[in-house]
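The lines below spell out each chain.
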Amino acid sequence: MSSFPFCAEYDKRGQAKCKKCKEKCEKGELRIGKIVTNPFSESGGDMKQWHHVNCIFETFKRARATTKKIEDPVDDIEGWENLEEDDQKKIRALIDDLQNEIANKKTTPKKQTPQKKTPSKAGQQQFGKKAAGTPDKPRVSRVPSAVRNDPGMDPMHKDNSFREFRRLCANVAEESSYTGKTNIVATFLKNGANKDGFQGDLRLWVKLLLPGVIKRVYNLQSKQLIKLFSQLFNTNQEEMLEDLEQGDIAETVRNFFEQSAMLPPVKKATLSIQDVDQFLEELTGMTREEEQSYVLKKIAKRCTANDLKMVIRLIKGDLRINAGAKHM
Ligand SMILES: [Zn+2]
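Everything quoted here is computed from the prediction, not taken from an experiment. (Residues numbered from 1 in each chain as written. Predicted model: local features only at pLDDT ≥ 70, side-chain atom pairs only at ≥ 80, totals over all residues. Heavy atoms only, no water.)

Peer 1: Give me the packing of aromatic side chains: which residues, what numbers.
Peer 2: A full pass over the atoms with the stated rule returns nine aromatic pairs. With centroids separated by 5.8 Å and ring planes inclined at 70°, the aromatic side chains of Phe-188 and Phe-198 adopt a geometry described as edge-to-face. With Phe-188 in helix α6 (residues 178-191) and Phe-198 in the loop between α6 and α7 (202-209), this residue pair connects regions lying ten residues apart in the sequence. On the basis of relative accessibility, which here comes to 9%, the residue Phe-188 falls in the buried class. (Phe/Tyr/Trp six-rings, centres within 6.5 Å; stacked < 30°, edge-to-face > 60°. Helix = DSSP H or I, 4+ residues; strand = E, 2+ residues; numbered from the N terminus. Buried < 20%, exposed > 50% of the residue type's maximum accessible area, 1.4 Å probe, protein only.)

Shown next, in the form of structure tokens:
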């Protein structure tokens, strides 16, 4: 496990998408990774959630007080010493800016309107310094979080984790009565995973919970999935087809994924529902096998065995929770 909470590097390939804005990080562009650990798992490797530099600081501004942020770049960023001096300066300016924002939030009473807000003198000075070196961005985050109306978009929030999505589906599947199923979903979407109010992306939850209603076309029959995954896992296609006779493609893929040495599952669940949605979007409408294989590999690389099983369920448009639109 890395001892740094973040890392920075110049993107060598320009493939990764920024976790916040979903745009690609350009080749050669400086990017910052949040090194993610899963509190539910005691083993397994780290995962990096890549961000544009400005984007990760935007997420910090919206994050809770307890969320780890970049405070001291030397201590917090792996690879800091390899960055160009100009970029180090820029990041230091963003850190100053962020710390001012946080200080202002603390000293501003919650009910005060943003217009009346007067930043401290020190804050303004720091701001001037920053304006000299960095391009201006819309200052949405000057508004106290209490009056902002953009919850649900933080993919790192537990209410947006794909693990929570799986957990909810499992609970709904176990419940036999339709009233009970409805209650489970309604309670989660009201209270959230931490029971302190749902803060996830409601629209996206509904979309994923009802894959049969909001249909996407994948051109991926079960046998096609077997073919592609048998190549990715380097396993015997015939054996997978035999396993498929039990009637659950998602379970078959999960089984063989767990045994795959070529493409082993990750141990810690770190996917967000936004990640999964974006992947499904990419897969939609693809017809060429190489493209499908490339995207399936990309997602499998980030999946636990259970994650991939649920992804397959989503692709097949059946979550096997015995509930549909009228129950939710
Ligand atoms: Zn971005």
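Peer 1: So what's going on with the sheet that holds strand β3 (residues 47-52)? Which residues, and what values?
Peer 2: Across the sheet, four strands lie side by side as β3-β2-β1-β4; this open sheet has mixed pairing. At either end of the open sheet lies a strand with only one pairing partner, and these are β3 and β4 (77-78). Looking at chain direction, strand β1 (residues 6-10) and strand β2 (residues 30-36) are connected through five bridges and run antiparallel. Across the sheet, residue Phe-6 finds its bridge partner in β2, namely Lys-34. Sitting on the sheet, helix α1 (residues 53-62) touches β1, β2 and β3, and the angle it makes with β3 is about 105°. (Pairing = 2+ DSSP bridges. Contact = heavy atoms within 4.5 Å. Axes fitted to C-alpha atoms, helices over the stretch in contact; angles between N-to-C directions.)

Peer 1: I'd like a rundown of the layout of surface pockets, residues and numbers included.
Peer 2: Its boundaries defined by the atoms lining it, the second largest pocket holds a volume of some 1000 Å³. Along its surface, the second largest pocket is lined by 27 residues, and Gln-15, Ala-16, Lys-17, Lys-298 and Arg-302 are the ones closest to its centre. The set of elements that each furnish at least two residues to the lining of the second largest pocket consists of β3, α11 (273-283) and α12 (289-300). Here the residues of the lining of the second largest pocket sort into nine nonpolar, three polar and 15 charged. Formed jointly, the lining of the second largest pocket draws a minimum of three residues from each of two domains, domain 1 (6-147) and domain 2 (151-328). (1 Å grid on protein atoms, 1.4 Å probe; cavity = no way out; pocket = protein on both sides within 12 Å on 5 of 7 lines; lining within 4 Å. Points joined across faces, edges and corners; volume = space filled by probe spheres on them. Nonpolar A, V, L, I, M, F, W, Y, C, P; charged D, E, K, R; others polar. Domains from an automatic or database assignment.)

Peer 1: If you had to explain the coordination of the zinc ion to someone new, which residues and values would you point to?
Peer 2: Looking at the metal site, the zinc ion is ligated by Cys-18 (SG), Cys-21 (SG), His-52 (ND1) and Cys-55 (SG), spaced 2.0 to 2.3 Å from it. For the zinc ion, the four donor atoms in the first shell make angles of 100 to 118° at the metal, a pattern classed as tetrahedral. (Donors = N, O, S within 2.8 Å, 3.2 Å for Na, K, Ca; no water. Tetrahedral: all angles 85-135°; square planar, octahedral: opposite > 155°, others 65-115°.)

Peer 1: Would you mind going over the pairing of β2 in detail, with residue names and values included?
Peer 2: Counting buried positions along β2 yields seven of seven residues, so the element is predominantly enclosed. Burial along β2 is two-sided: Leu-30, Ile-32, Lys-34 and Val-36 and Arg-31, Gly-33 and Ile-35, pointing in opposite directions, are all buried. Alignment of β2 against β3, held across six bridges, turns out to be antiparallel. Note on β3: the bridge partner recorded for Ile-35 is Lys-48.

Peer 1: Go over the nonpolar core with me, naming the residues and quoting the values.
Peer 2: The biggest cluster of nonpolar side chains holds 51 residues, and the ones touching the most others in it are Phe-165, Phe-229, Phe-233 and Ile-315. Considering each element in turn, this core owes the most residues, seven residues, to helix α13 (residues 305-316). Once you skip the residues sitting within four places of it in the chain, Phe-233 turns out to touch Met-240, Val-253, Phe-256, Phe-257, Ser-260, Met-262, Leu-263 and Leu-308. (Core = buried A, V, L, I, M, F, W, Y, C linked by side-chain atoms within 4.5 Å.)

Peer 1: Describe the confidence of the model for the protein, listing the residues and the values that go with them.
Peer 2: Scored by pLDDT, the protein has a mean of 83; 80% of the residues are at 70 or more. Here residues 112-149 is modelled with pLDDT under 50, and outside its nearest four sequence neighbours on either side it reaches 46 contacts, counting other chains as well. (pLDDT = per-residue confidence, 0-100.)

Peer 1: I'd like to hear about the pairing of β1, residue by residue, with values.
Peer 2: Examined bridge by bridge, β1 and β4 share two bridges and lie parallel to one another. Within β4, the residue paired with Phe-6 across the bridge is Ile-77.

Peer 1: Which residues make up the side chain of Gln-88, and what values do they have?
Peer 2: Secondary-structure assignment places Gln-88 in helix α3 (residues 85-107). Relative accessible area serves as the criterion here: at 19%, Gln-88 is assigned to the buried category. Residue contacts for Gln-88: discarding those within four places in its chain leaves Trp-80, Glu-81 and Leu-83.

Peer 1: Account for the pattern of salt bridges, naming residues and giving values.
Peer 2: As enumerated under the stated definition, the model contains 23 salt bridges in all. Residue Asp-196 is joined to Arg-64 by a salt bridge in which the shortest nitrogen-to-oxygen separation is 3.6 Å. You can see Asp-196 sitting in the loop between α6 and α7 and its partner Arg-64 sitting in the loop between α1 and α2 (73-76), a full 132 residues away along the chain. With a relative accessible area of 36%, Arg-64 lands in the partly exposed category. Across the pair Asp-277 and Lys-207 runs a salt bridge whose closest N-O atoms are separated by 3.1 Å. Here Asp-277, found in helix α11, pairs with Lys-207, found in helix α7; they are 70 residues apart in sequence, far enough to count as distant. As far as the burial class goes, Asp-277 and Lys-207 line up, both buried. Within the structure, one salt-bridge network assembled from shared partners comprises Glu-251, Arg-254, Glu-258 and Lys-309. (Salt bridge = Lys/Arg side-chain N within 4 Å of Asp/Glu carboxyl O.)

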